[in-house]
Amino acid sequence: MRATIGKYVVLPNEEALTAVTLWVAATHIQTALQHAPRLAVVGPTRGCGKSRVLDVLHETVHQPIMTVNMSTAVLFRVIGKNPHTILVDEADTIVGPKAGENEELRGLLNAGHQRNRPAWRISGPEHKPTPYPTFAMAALASIGDLPDTITDRAVVLRMQKRKPGEKVTPFRWRYATPELNALRDRLAAWLGPLRGTASRMAPTMPVEDRAADTWEPLVIIADLAGGHWPASGRAACVAMTRYETVQDQQTNLKTRLLRDIHRIFEAHGNPEALSSLDLVTALLQDPDAPWAEHGTKGLNAYHLGSMLRGFEIRPANYRFDKGRQAKGYARNQFLDSWARHCPGLTGTTPAPAHDAPPARPTQGKPPAALTGQLPVGPPGGPAGPNRAR
């Protein structure tokens, strides 16, 4: 199974390939497990192989249901005593940051990570309170990260586009399906008689708390398989959870950066833009912030741009007081990220420093500078996207 999965998709590393193989096997003994780990298949852009992973999973997991959208009512009804394996493509459209209000579905997916977490609803002509099971394994493919509450319960595959030299076998349904289905059936036949054994196992885990809950089913499969699998499964567990811990730390650091930049804009009277140099200088002057120790010599403009790029915030040329031109950031570039990642902040709507409208760039001419104000637009170029209008 491991070799065949690796034939059709390029996963981030060997540990990820091991993890996917164990996750597939675990779906076939869901009824013997206490936890149902999610498989989060995430990538920064299209074309990273996320949907192809789901194609392979569809032919190898236990009773798959593939969808690109699902209501809570449907989810209630496809999960039972012998639950299906839920495969959700384009999950960012229903539970991601841009999905809007979808808390009920997200709550169900979170609850289904652990056994005995039913959802109660009034049903039937007698309006009787009825528990609906939520426990089921699920794989969710997404552009960009899924909500923290889901990734915290997931084995996370961080997909990337294939390098020029990386080759895969073309996935053709009529050829690939028989091969994958045959492996699926052999895997299920092997694991069927081992359900009782699996339900009694309490493997030694190399991680703790929720990470241990999430990875325990995979380690159980590894211990049942024997050979190199117990060591390989635990090595994958350690490597992938450690990587996610680093990702969490970086995410927290980026959120701190957004909050600090909001504070700096407020301290400057919420101008339309600030130069990169002014932002970096102000960040370094905060004795309680980590920026002076960032990197080898402290935060610089390059680091700042790199950290903000993940929020789709990029510097542009601006003309400041006394005709000074410099790279900088418009305040309105941050509004969306402040609202999404720092919802407790106030004053995240545009607040021009003066009543006079800012100068607009004209074709072939640099915009005229306003006294005491930061004009907008790239000097000497055509009007760009709405920068701090």
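To be clear, the structure that these remarks concern was listed above.
The structure contained in this document is the topic of the report that follows. Everything numeric in this text was worked out from a predicted model, so none of it was measured. (Residues numbered from 1 in each chain as written. Predicted model: local features only at pLDDT ≥ 70, side-chain atom pairs only at ≥ 80, totals over all residues. Heavy atoms only, no water.)

**Focus: helix α6 (residues 103-111)**
For step 1, the next point in the chain: Those residues of α6 not exposed but buried are Leu 105, Arg 106, Leu 108, Leu 109 and Asn 110.
For step 2, the next point in the chain: Against the buried residues of α6 lie β1 (38-43), α4 (72-78), α5 (92-95), β4 (119-123), β6 (138-143) and α7 (148-151). (Buried < 20%, exposed > 50% of the residue type's maximum accessible area, 1.4 Å probe, protein only. Helix = DSSP H or I, 4+ residues; strand = E, 2+ residues; numbered from the N terminus. Contact = heavy atoms within 4.5 Å.)

**Considering the pattern of salt bridges**
For step 1, the next point in the chain: Across all of its chains, the model carries 15 salt bridges by this definition.
For step 2, the next point in the chain: Residues Arg 184 and Asp 185 are paired through a salt bridge, measuring 3.1 Å at the closest nitrogen-oxygen approach.
For step 3, the next point in the chain: For Asp 185, a relative accessible area of 44% gives the class partly exposed.
For step 4, the next point in the chain: A salt bridge links Asp 278 to Arg 324, with the shortest nitrogen-to-oxygen separation between them at 4.0 Å. Of this pair, Asp 278 sits in helix α12 (residues 276-284) while Arg 324 sits in the loop between β9 (316-319) and β10 (325-330); the two residues are 46 residues apart in sequence, bridging distant segments of the chain.
For step 5, the next point in the chain: Residue class for Asp 278 comes out partly exposed when judged on its relative accessible area of 30%.
For step 6, the next point in the chain: Residue class for Arg 324 comes out partly exposed when judged on its relative accessible area of 38%. (Salt bridge = Lys/Arg side-chain N within 4 Å of Asp/Glu carboxyl O.)

**What about the packing of helix α2 (residues 14-27) against helix α10 (residues 209-225)?**
For step 1, the next point in the chain: Two elements in contact, α2 and α10, have axes separated by 9 Å at closest approach and are oriented at 90 degrees. In this view, α2 runs roughly perpendicular relative to α10, as classed from their interaxial angle. On α10, the residues touching Ala 19, Leu 22, Trp 23, Ala 25 and Ala 26 of α2 are Trp 215, Pro 217, Leu 218, Ile 221 and Ala 222.
For step 2, the next point in the chain: Tallied by class, residues from the contact of α2 with α10 come to 10 nonpolar, no polar and no charged. (Axes fitted to C-alpha atoms, helices over the stretch in contact; angles between N-to-C directions. Parallel < 35°, antiparallel > 145°, perpendicular 65-115°, else oblique. Nonpolar A, V, L, I, M, F, W, Y, C, P; charged D, E, K, R; others polar.)

**Description of the packing of aromatic side chains**
For step 1, the next point in the chain: Taken as a whole, this structure holds seven aromatic pairs when the rule is applied.
For step 2, the next point in the chain: Ring centres of Phe 171 and Trp 173 lie 5.1 Å apart, and the angle between their planes is 85 degrees; this geometry places the pair in the edge-to-face category.
For step 3, the next point in the chain: A relative accessible area of 6% places Phe 171 in the buried class.
For step 4, the next point in the chain: Their ring planes at 20 degrees and their centres at 5.4 Å tell us that Phe 334 and Trp 338 sit as a pair that is stacked.
For step 5, the next point in the chain: One aromatic cluster is present, built from ring pairs that chain together Phe 265, Tyr 329, Phe 334 and Trp 338.
For step 6, the next point in the chain: The ring of Phe 135 has Arg 115 sitting right over it, with the charged end atom 4.2 Å from the ring centre. (Phe/Tyr/Trp six-rings, centres within 6.5 Å; stacked < 30°, edge-to-face > 60°. Lys NZ or Arg CZ within 6 Å of the ring centre and 35° of its normal.)

**Topic: the sheet that holds β1**
For step 1, the next point in the chain: Taken together, the five strands give an open sheet; going across it, the order is β2-β3-β6-β1-β7, and neighbouring strands pair in parallel fashion. Strand pairing shows two members of the sheet lacking a second neighbour, β2 (64-67) and β7 (154-158), which therefore form its edges. Each neighbouring strand pair of the sheet contributes to a mean axis angle of 15 degrees, computed without reference to strand direction.
For step 2, the next point in the chain: Note that strand β3 (residues 85-88) and β6 share three bridges and pair parallel. Paired with Val 88 across the bridge in β6 is Leu 140.
For step 3, the next point in the chain: Running at roughly 165 degrees to β6, helix α3 (residues 50-58) makes contact with β1, β2, β3 and β6 of the sheet. (Pairing = 2+ DSSP bridges.)

**Overview of the environment of Ile 150**
For step 1, the next point in the chain: You can see Ile 150 is positioned in helix α7.
For step 2, the next point in the chain: By relative accessible area, Ile 150 is classed as buried at 2%.
For step 3, the next point in the chain: Considered as a pair, Ile 150 and Leu 140 are 10 residues apart in the sequence and their alpha carbons are 9.5 Å apart.
For step 4, the next point in the chain: For Ile 150, the contacting residues outside a window of four places in its chain are Val 95, Arg 106, Leu 109 and Asn 110.

**Re the nonpolar core**
For step 1, the next point in the chain: Of all hydrophobic cores here, the largest spans 55 residues; its most connected members are Ile 5, Leu 11, Trp 23, Val 24, Leu 57, Leu 157 and Trp 215.
For step 2, the next point in the chain: In this structure Trp 215 touches Ala 19, Val 155, Met 205, Gly 233, Ala 236, Cys 237, Met 240 and Thr 241, once residues within four positions along its chain are discounted. (Core = buried A, V, L, I, M, F, W, Y, C linked by side-chain atoms within 4.5 Å.)

**Some points on the sheet that holds β10**
For step 1, the next point in the chain: Taking strand neighbours across the sheet as the criterion, the three strands line up as β8-β10-β9 in an open arrangement whose pairing is antiparallel. Each end of this open sheet is capped by a strand with a single partner; those strands are β8 (273-275) and β9. Adjacent strand axes in the sheet meet at a mean angle of 60 degrees when their direction is disregarded.
For step 2, the next point in the chain: Where β9 meets β10, four bridges bridge the pair, whose relative direction is antiparallel. The partner of Asn 317 across the bridge, within β10, is Lys 327.
For step 3, the next point in the chain: Contacts between α12 and the sheet are confined to β8 and β10, with β8 contributing the most and set at about 75 degrees to the helix.

**Looking at the pairing of β1**
For step 1, the next point in the chain: Within β1, six of the six residues are buried, which leaves the element mostly enclosed by the surrounding structure.
For step 2, the next point in the chain: Every second residue of β1 is oriented toward a common face, with Arg 38, Ala 40 and Val 42 on one face and Leu 39, Val 41 and Gly 43 on the other, all of them buried.
For step 3, the next point in the chain: Relative to β6, β1 runs parallel, the two being bridged by six bridges. Paired with Gly 43 across the two strands is Ile 143, which belongs to β6.
For step 4, the next point in the chain: Where β1 meets β7, five bridges bridge the pair, whose relative direction is parallel. Following the sheet pairing, Arg 38 is matched in β7 by Ala 154.

**Considerations on unusual backbone geometry**
With the exception of glycine, the majority of residues adopt a negative phi angle, and the majority of peptide bonds are in the trans configuration.
For step 1, the next point in the chain: The backbone of Asn 116 shows a phi angle near 65 degrees, a positive value even though the residue is not glycine.
For step 2, the next point in the chain: In this fold, Asn 116 is placed in the loop between α6 and β4.
For step 3, the next point in the chain: The exposure class assigned to Asn 116 is exposed, which follows from its relative accessible area of 60%.
For step 4, the next point in the chain: Look at His 127: it is not a glycine, yet its phi comes out positive at around 55 degrees.
For step 5, the next point in the chain: One can find His 127 in the loop between β4 and β5 (128-132).

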